[in-house]
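Here's the letter readout for the chains.
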Amino acid sequence: MRERFWERHTLDELDDEEWEALCDGCGFCCLLKLEDDESGDIATLNVACQLLDTDTCRCSDYDNRFQHVPGCTKLTRDNLSAFRWLPASCAYRRLAEGRKLAAWHPLIAGDTTRMHRKQKSVRHFAVSERDVSDDDLEDHIIDIIPCQ
């Protein structure tokens, strides 16, 4: 990867390896979301995809995730703007908005421990969807993002 690529190049100029390296591993993308059919509002749950390792906040089968979870979404340069629910801390969102990476981001900090210590990941609150019944999902709503 190119040195400090996130400061020297636009998101569109990044190669695939650099794009993937921007992911801070927070796990927020892997939290289940419910969309209100009438309002379009999006409810974020503290329930994580069955493939998310809630300790490392990484997908346990990233290369094959679409085979296991057909509804898994892939964040790309072309669809980034559609993911309005990305947290303000997300590296992709920060860079798209012209902001810098946070000091706790693994590319800046050199590891993921700072991110987890600062509670910028889902590690401290997420539960696996394996442990929650569909009937109880609404009890796990932690945020509602209004339709814009």
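Residues numbered from 1 in each chain as written. Predicted model: local features only at pLDDT ≥ 70, side-chain atom pairs only at ≥ 80, totals over all residues. Heavy atoms only, no water.

Of note, R4 is a non-glycine position whose phi angle comes to about 45°, a positive value. Tracing the chain through its elements places R4 in the segment before α1 (5-8). For R4, a relative accessible area of 33% puts it in the partly exposed group. Phi angles above zero are rare outside glycine, and Q119 is one such case at about 55°. Tracing the backbone shows Q119 in the loop between α6 (113-117) and β5 (127-128). (Helix = DSSP H or I, 4+ residues; strand = E, 2+ residues; numbered from the N terminus. Buried < 20%, exposed > 50% of the residue type's maximum accessible area, 1.4 Å probe, protein only.)

Bringing the environment of P106 into the picture now. With respect to the secondary-structure elements, P106 resides in helix α5 (residues 106-109). Distance in space between the C-alpha atoms of P106 and R4 is 12 Å, their sequence separation being 102 residues. If we skip the residues at most four places from it in the chain, P106 touches D24, D111 and T112. (Contact = heavy atoms within 4.5 Å.)

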